[in-house]
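# Chains, contacts and geometry: an overview
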Amino acid sequence: MSTTLEVAIFLSMNGKAQEAIQFYKNHFKAEELLLVTYQDMARRDSSIQLTDENKNYISHSVLSIGRTKVMIAEDTMDISEQYTVGNNTSLCIQSADVEEIKHFYNSLLTDDRVKIIVPLSHNLFSKAYGIIEDPFGIQIQFMFDHRLK
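So, a few notes on the structure that sits alongside this text. Keep in mind it's a predicted model, so treat the numbers as computed, not measured.

## A short note on a nonpolar patch on the surface
Together, Val7, Leu91, Phe136 and Ile138 line one region of the surface with nonpolar side chains, adding up to about 390 Å² of accessible area. Among the secondary structure elements, Leu91 is positioned in strand β5 (residues 89-95).

In structure tokens form, the structure reads like this:
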């Protein structure tokens, strides 16, 4: 196993990400490591539909609370699902070793109870990103992140 592997908690906040970030900063002295709005994403991807309501929504953020990373965004992992408390939490498995990410993802796919939400593929922010749901209803994101080296 690589030394860059980490698992982060991912919280979907249904339009309240900015409020949640401020809450964690105030109460846990969280450090903001990254914050990307929908407007920031639209500058890189013209297919993103901006409105006055969503332009300042958080597409992705990373906070450090002690030695733990917490990621916060507006949307649930499976955008076809209606937001409810319970589907707003997932795990994000990250590594600077793309082969390690592929290994974990492909290993899970050998279990026919695993549901693919987003197939592992290259996208705007990662050479390898995908989402599955395990047999216990836990959604797990996989992401190659070169910054973890």
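## Some details on the layout of surface pockets
Quantified by volume, the largest pocket comes out at close to 970 Å³. Lining the largest pocket are 32 residues, with Met41, Ser59, Asn123, Phe125 and Tyr129 sitting closest to its centre. Of all elements in the fold, only β2 (31-37), α2 (38-44), β3 (58-65), β6 (115-121), β7 (129-133) and β8 (139-144) reach the threshold of two or more residues within the lining of the largest pocket. Residues belonging to the lining of the largest pocket are distributed by class as follows: 17 nonpolar, 8 polar and 7 charged.

## Considerations on the environment of Leu108
Residue position: Leu108 is located in helix α3 (residues 98-109). The sequence separation of Leu108 and Ile132 amounts to 24 residues, and the corresponding C-alpha distance is 8.5 Å.

## Structural notes on α3
Helix length check: α3 (12 residues) gives 17 Å between terminal C-alpha atoms against 16 Å at 1.5 Å per residue, within 8%. Inspection of α3 places Val98, Glu100, Ile101 and Tyr105 among the buried residues, and these make up the whole buried set. What you see down the axis of α3 is that its buried residues fit within an arc of 170 degrees, all on one side. Opposite the buried face of α3, at more than 90 degrees from it, the exposed residues are Glu99 and His103. Where α3 is buried, its residues meet β5, β6, β7 and β8. Where α3 begins, the capping side chain belongs to Asp97, and its oxygen is found 3.0 Å from the backbone nitrogen of Glu99.

## Points about unusual backbone geometry
Even without a glycine there, the phi angle at Asn14 is positive, about 50 degrees. With respect to the helices, strands and loops of the structure, Asn14 is situated in the loop between β1 (6-12) and α1 (17-28).

Scoring rules and cut-offs
Residue numbers here run from 1 along each chain, matching the order of that chain's written sequence. Restriction of local features to residues with pLDDT of at least 70 applies here, the model being predicted, together with a cutoff of 80 or more for giving and counting side-chain atom pairs; totals for whole chains, interfaces and linings are based on all residues. Hydrogens are left out, water is left out, and the side-chain values use all remaining heavy atoms of the structure. Nonpolar side chains (Val, Leu, Ile, Met, Phe, Trp, Tyr) are joined into patches within 5 Å and like charges within 9 Å, using only residues with over 30% relative accessible area and no salt bridge. Here the open area of atoms and residues is found with the Shrake-Rupley method and a 1.4 Å probe, where only the protein chains shown may cover a residue. The rule for a salt bridge is simple: a side-chain nitrogen of Lys or Arg has to be within 4 Å of a carboxyl oxygen of Asp or Glu. For the purposes of this entry, the term helix denotes a DSSP run of H or I that reaches at least four residues, the term strand denotes a run of E that reaches at least two, and both are numbered from the N terminus. Grid points spaced at 1 Å and placed over the protein atoms alone form the basis of the search, with a cavity being a set where a 1.4 Å probe fits but cannot get out and a pocket an open set showing protein on both sides within 12 Å along at least five of seven lines. Lining residues have an atom within 4 Å of a point. Grid points are joined across faces, edges and corners, and a volume is the space filled by probe spheres set on the points. Throughout, the ten residues Ala, Val, Leu, Ile, Met, Phe, Trp, Tyr, Cys and Pro are labelled nonpolar, Asp, Glu, Lys and Arg are labelled charged, and all others, Gly among them, are labelled polar. In this scheme, a helix's expected span is set at 1.5 Å multiplied by one less than its residue total. Using a 1.4 Å probe on the protein chains alone, a residue whose accessible area is under 20% of its type maximum counts as buried, one over 50% counts as exposed, and one in between counts as partly exposed. By construction, the arc corresponds to the directions joining the helix axis to the C-beta atoms. Contact between two residues is taken to exist if any of their heavy atoms lie within 4.5 Å; hydrogens are not considered. Polar contacts here mean pairs of N or O atoms no more than 3.5 Å apart (in protein, one a potential hydrogen donor and the other a potential acceptor; neighbouring residues in sequence count only if both atoms are side-chain atoms).

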